[in-house]
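These are the residues of each chain, in order.
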2 protein chains.
Amino acid sequence: MKQTVIEAALGKTGADIIFKNAKIVDVFSGKIINGDVAVKDGIIAGLGVYNGENEVNLKGKYLIPGLIDSHMHIESTMLKPSQYARLIAARGVTTLIADPHEIANVCGAEGIRFMVSDARKVPVDFRFMLPSCVPATPFEPSGAKLDAKALTELKNDGCFQGLAEMMNAYGVVNCDPEVLEKLELFGLIDGHAPGYTGRELCAYAASGVRTDHECSTAEEMTERIALGMYVCIREGSLAKNCAVLSKGLDKRNMSRVTFCTDDRNIHDIVSDGSITNCIRIAIKQGVSPIDAVTIATRNAAECYRLTDRGAIAPGYIADLAVCDSLEELDFCAVYKNGVLISDGKKALFDVPEDDIPPQLVNTVKLSKLSADALYEPFDPKKPVIEVIRDSLITGFYHADSDDGLNLCAVIERHGKSGSIGKCRIKGIGLKNGAIAQSIGHDSHNITVLGASADDMAAAVNALGHDGGIAVVRDGKLIAHMPLPIAGIISEKPYEEVEKSHRAVLSALGELEYNRDFEPLMLLSFLSLPVIPELKLTSGGLFDVRSMQFVKQD
Amino acid sequence: MKQTVIEAALGKTGADIIFKNAKIVDVFSGKIINGDVAVKDGIIAGLGVYNGENEVNLKGKYLIPGLIDSHMHIESTMLKPSQYARLIAARGVTTLIADPHEIANVCGAEGIRFMVSDARKVPVDFRFMLPSCVPATPFEPSGAKLDAKALTELKNDGCFQGLAEMMNAYGVVNCDPEVLEKLELFGLIDGHAPGYTGRELCAYAASGVRTDHECSTAEEMTERIALGMYVCIREGSLAKNCAVLSKGLDKRNMSRVTFCTDDRNIHDIVSDGSITNCIRIAIKQGVSPIDAVTIATRNAAECYRLTDRGAIAPGYIADLAVCDSLEELDFCAVYKNGVLISDGKKALFDVPEDDIPPQLVNTVKLSKLSADALYEPFDPKKPVIEVIRDSLITGFYHADSDDGLNLCAVIERHGKSGSIGKCRIKGIGLKNGAIAQSIGHDSHNITVLGASADDMAAAVNALGHDGGIAVVRDGKLIAHMPLPIAGIISEKPYEEVEKSHRAVLSALGELEYNRDFEPLMLLSFLSLPVIPELKLTSGGLFDVRSMQFVKQD
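In this report, we go over the structure that sits alongside the text. Note that the structure is a prediction, hence the values are computed from the model and not measured.

The subject of this paragraph is the packing of helix α12 (residues 275-284) of chain A against helix α13 (residues 289-303) of chain A. Residues and elements named next belong to chain A. The contact between α12 and α13 brings their axes to 9 Å, and the two run at 145°. As α12 packs across α13, the resulting crossing turns out to be right-handed. Every residue of α13 that contacts α12 at Ile275, Ile279, Ala282 and Ile283 is listed here: Pro289, Ala292, Val293 and Ala296. Tallied by class, the residues present in the contact of α12 with α13 amount to 8 nonpolar, no polar and no charged.

What follows is about the relation of the copies chain A and chain B. When chain A is brought onto chain B, the operation consists of a screw motion whose angular component is 180° and whose axial shift is 0.0 Å, with 0.1 Å RMSD remaining. Taken together, these values place the two copies in the relation of a two-fold axis. Among all C-alpha atoms of chain A, that of Lys251 of chain A lies closest to the rotation axis, at 3.4 Å. When the interface residues of chain A are mapped onto chain B, 100% of them again fall at the interface, so both copies present the same face.

Residues and elements named next belong to chain A. Here Asp400 shows up in the loop between β18 (394-397) and β19 (406-411). Residues Asp400 and Pro380, spaced 20 residues apart in sequence, show a C-alpha to C-alpha distance of 5.4 Å. Those residues in contact with Asp400 that lie beyond four places of it in its chain are Phe378 and Pro380.

This part covers the interface of chain A and chain B. At the junction of the two partners, chain A supplies 63 residues and chain B supplies 63 residues. Both faces considered, chain A and chain B share a buried interface measuring about 4,700 Å² in area, 53% of it formed by carbon and sulfur atoms. For chain A, the biggest contributors to the area lost against chain B are Lys2, Arg199 and Arg252 of chain A; these three give 17% of the whole. The tally of links between chain A and chain B comes to 4 salt bridges.

A water-sized probe rolled over the atoms picks out the places where empty space is left. Reported here for the largest pocket is a volume of approximately 580 Å³. In terms of lining residues, the largest pocket is bounded by 32 residues, among which Glu302 and Arg305 of chain A together with Tyr230, Glu302 and Arg305 of chain B are the most central. Elements that contribute at least two residues to the lining of the largest pocket include exactly α13 of chain A together with α13 (289-303) of chain B. The residue makeup of the lining of the largest pocket, split by class, is 15 nonpolar, 5 polar and 12 charged.

For the rest of this paragraph, the subject is the packing of aromatic side chains. Going through the model one piece at a time under the given rule, you end up with 14 aromatic pairs over all chains. Their ring planes at 80° and their centres at 4.8 Å tell us that Phe19 of chain B and Tyr335 of chain B sit as a pair that is edge-to-face. Remark: Tyr335 of chain B occurs in strand β15 (residues 331-336) and Phe19 of chain B occurs in strand β1 (residues 17-26); sequence separation between them is 316 residues. Looking at Tyr335 of chain B, the relative accessible area reads 7%, which means it is buried. Measuring from ring centre to ring centre gives 5.1 Å for Phe542 of chain B and Phe549 of chain B, while their planes differ by 85°; the resulting arrangement is edge-to-face. Through pairs of rings, three or more aromatic residues link up here, namely Phe139, Phe542 and Phe549 of chain A. The aromatic ring of Tyr62 of chain A is capped on one face by Lys23 of chain A, whose charged end is 5.2 Å from the ring centroid. The ring of Tyr513 of chain B has Arg515 of chain B sitting right over it, with the charged end atom 4.2 Å from the ring centre.

What counts and what doesn't
Residues numbered from 1 in each chain as written. Chains lettered and ligands numbered in written order. Predicted model: local features only at pLDDT ≥ 70, side-chain atom pairs only at ≥ 80, totals over all residues. Heavy atoms only, no water. Axes fitted to C-alpha atoms, helices over the stretch in contact; angles between N-to-C directions. Helix = DSSP H or I, 4+ residues; strand = E, 2+ residues; numbered from the N terminus. Left-handed = near helix turned anticlockwise from the far one by under 90°. Contact = heavy atoms within 4.5 Å. Nonpolar A, V, L, I, M, F, W, Y, C, P; charged D, E, K, R; others polar. Least-squares fit on C-alpha atoms with pLDDT ≥ 70 in both. Buried area = accessible area lost by both parts, 1.4 Å probe. Salt bridge = Lys/Arg side-chain N within 4 Å of Asp/Glu carboxyl O. 1 Å grid on protein atoms, 1.4 Å probe; cavity = no way out; pocket = protein on both sides within 12 Å on 5 of 7 lines; lining within 4 Å. Points joined across faces, edges and corners; volume = space filled by probe spheres on them. Phe/Tyr/Trp six-rings, centres within 6.5 Å; stacked < 30°, edge-to-face > 60°. Buried < 20%, exposed > 50% of the residue type's maximum accessible area, 1.4 Å probe, protein only. Lys NZ or Arg CZ within 6 Å of the ring centre and 35° of its normal.

Written as structure tokens, this is what we have:
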């Protein structure tokens, strides 16, 4: 292998492909190199002046390293990995650090293995982190539980880059023995520590956690960088931190940040891109284009110890993207290991259609519900969840009446208790109808929001055993998107998923609510008891600050 | 382990040591943090405000991470690793990337294992790279040969960080199968490519080599950084690149350089420090003190994939040094894994005296030589080696007469051929006496320089079976420093070695020669046929440009 690349570098034997007249983005020096790039056997052989049989004349276009999404959950797009790869290849992403903890919460090890296996079918490099928190906390009834023993067994599969986000920061700083045992499994550990600061953040970092993607202020970012952590700057569909955090970057600390999408829906990726979107936002905030590309490539590779990528240099793998403008990132070609995988519009590879493993279907185990089961009278003593724009964080609100509040319920759906948590929610201002979905991080119980309990029951009952998303207005089902794989992922090509998703968004457009919010992503995170401050699980309202259920008088 | 550190970070249980009122050098943000640092079980637990039973009040002194020497040969100090550790601990170095290829050339695997084993006795972290080029080229008669098979066996010892400098760059770019086989052994490969540029440098980098410490111009450094290599900026005793290369650094490319000493003698380390010396020179050239410290710590750790060190942050090992000034680096305390190992003047740990393995002694296998054997008449057709100040590189010189030239010889001493290479040398201008030594990179044959063949023979014969360094004037031995371990290392404490070395330097002071040169280091590299342009081996004059012996008419 090395011999052919060495000989191509010398120009002795022909390269497989030569990019002529490129503006090569040099992420090490922060400069542009004008020249040619020779690629052999999927490896960059040389930079300089090269000629050969297979030349691609870039005529002064930019050549950048393939982008790296440093933290994300494929499940948030409702796509299988192979379909997600088709979507993302056209957007310049060639490597992803994926945490399959959503499917793991429903289907356990079988779910994780499905993701790994499906991802291997396509020429995009998925690096999986092993989910550390299934369920995220002991307070959620998930479909599966992965204890330290189960993780050790999975680790032996040998296909994990490290330990995925340790969301149980409370368990870390309180030295929960099970949590500490998990932390010993890998040297590379992702973090999740919203709101942590000072000694608690030190304790969290001292445990070996080396990243955090939950920063929402420049101060939080600065503190984490100083404490030796990488900050994965996130621009998801709900949590949007890129603009604020970019303002806190300088030439020195920017080497310790990466970009990530975390949870970004298919609509936003199709409309605005994924990591490309992060780069564009950072540039708008004053980060130089070359620096922004560096953050999205070299930095992520360094953070995740991928020493073979993230730059255009000899010996590095030939993951490359071509564009006219670094500000626009208008790709006309994307290469993975030296092979063209996209023309910037669509993926140029096929995905074999395979059967879904039977363990992953019919995961919504729920009998028909009545409106009464979902309703509870307003109680002014009970706190109300207040949602906040562009944030996963929610607030405590105390209301005197239920004017402008909505009903919300979370229903256990893994065939265990079937218990139902109920509360009122402020901010969305839904005036009519209901929305139900079997997507609810991380345990993926049913979350339903409504202006009336009747519509809520109709929406929940429409989900069936496949789960998915249902929108009801005036008692009528106006959209239904089934998600047969674990109740969170579609088996279909991404184009069809996007069409179904658009139909759901269109149905939502028929409901009246505060347009500052995207209700689907909002509902997805309403039950996640590791994001401050007040969440709803099927066990009831949960106070994330004290990590306990809200006491009922 | 993690639990105690986490609890110390929280202030719940006492830290082992608390550094109060420190100016903490934050190598990630490039700033100074004023505060306390808590250490538990050798790990940094927290930064902030801490109190405890064992406080060290730094009263505003600087706290920096322990320095890392990113490439060096312990043998160049003539010290055993354990004694070198005593010397270097007081100078703030807590981790070294060491290549034991000098002793390997004399004693093979036994020599390497001795170095690893001796290094383990002391609280300084030696990370050994596995010598890739023993001998450096097929053109030298060394005491041992390590082929790919031998390296594979050694690799299985499991104590090597990567493959040490691949000096056979010629073999790499010409795809020598044995060289390529060696390159497959490790993902981390050190380089050595003086003078390489363009396609040949690309080929070398494409082979997987990721560092080079042989840059002597900013242009060479810039090219290597752009090609994805780290540049280890060297300040040895003979090769001094730090001032020139520092001028080529900026805020962006400086993340891809480290500091190293490569070959630095005991005298220079005692007088001017080791990595501290690099930092001081860089600062004088305009690199900010915090950036210079960053290069010497975090960068080296990143380059060598040592993810647990190189910074003062929770979870990092507590390798720390205390000083009043970042410009002076006047250490008053050095800690390794949280334990005080030096007061800045001397090491505070003992080194057990052990017997030297019998395979490593009596390695100079040479019968008594006559002056005639070392002499040859001047031949104007034969090129002359011209030495260059502050450089390992030598030039071709053509002389009409031998006025001002010196005699030089290299004698095979491993009990093989006993062959003798002879030449004239220009630049040193030795007027009287002779200097002989069994140190001669990398094969460590005898190198002898003299104004007369009689004195040369006397110096060589004085070396005996122990080898070492001998200085003769007017037929009289005026200094002799035995080096019983492989003919290149002393068995004695560093204080005694330094005293002997000073005696040798003092004897050299009685000879007349051009004081621009330090003859010992110069002789050490005169026979190394991987440094351009003209060298002398026991087989005769060697043209490094064409990698062949100079043809005799």
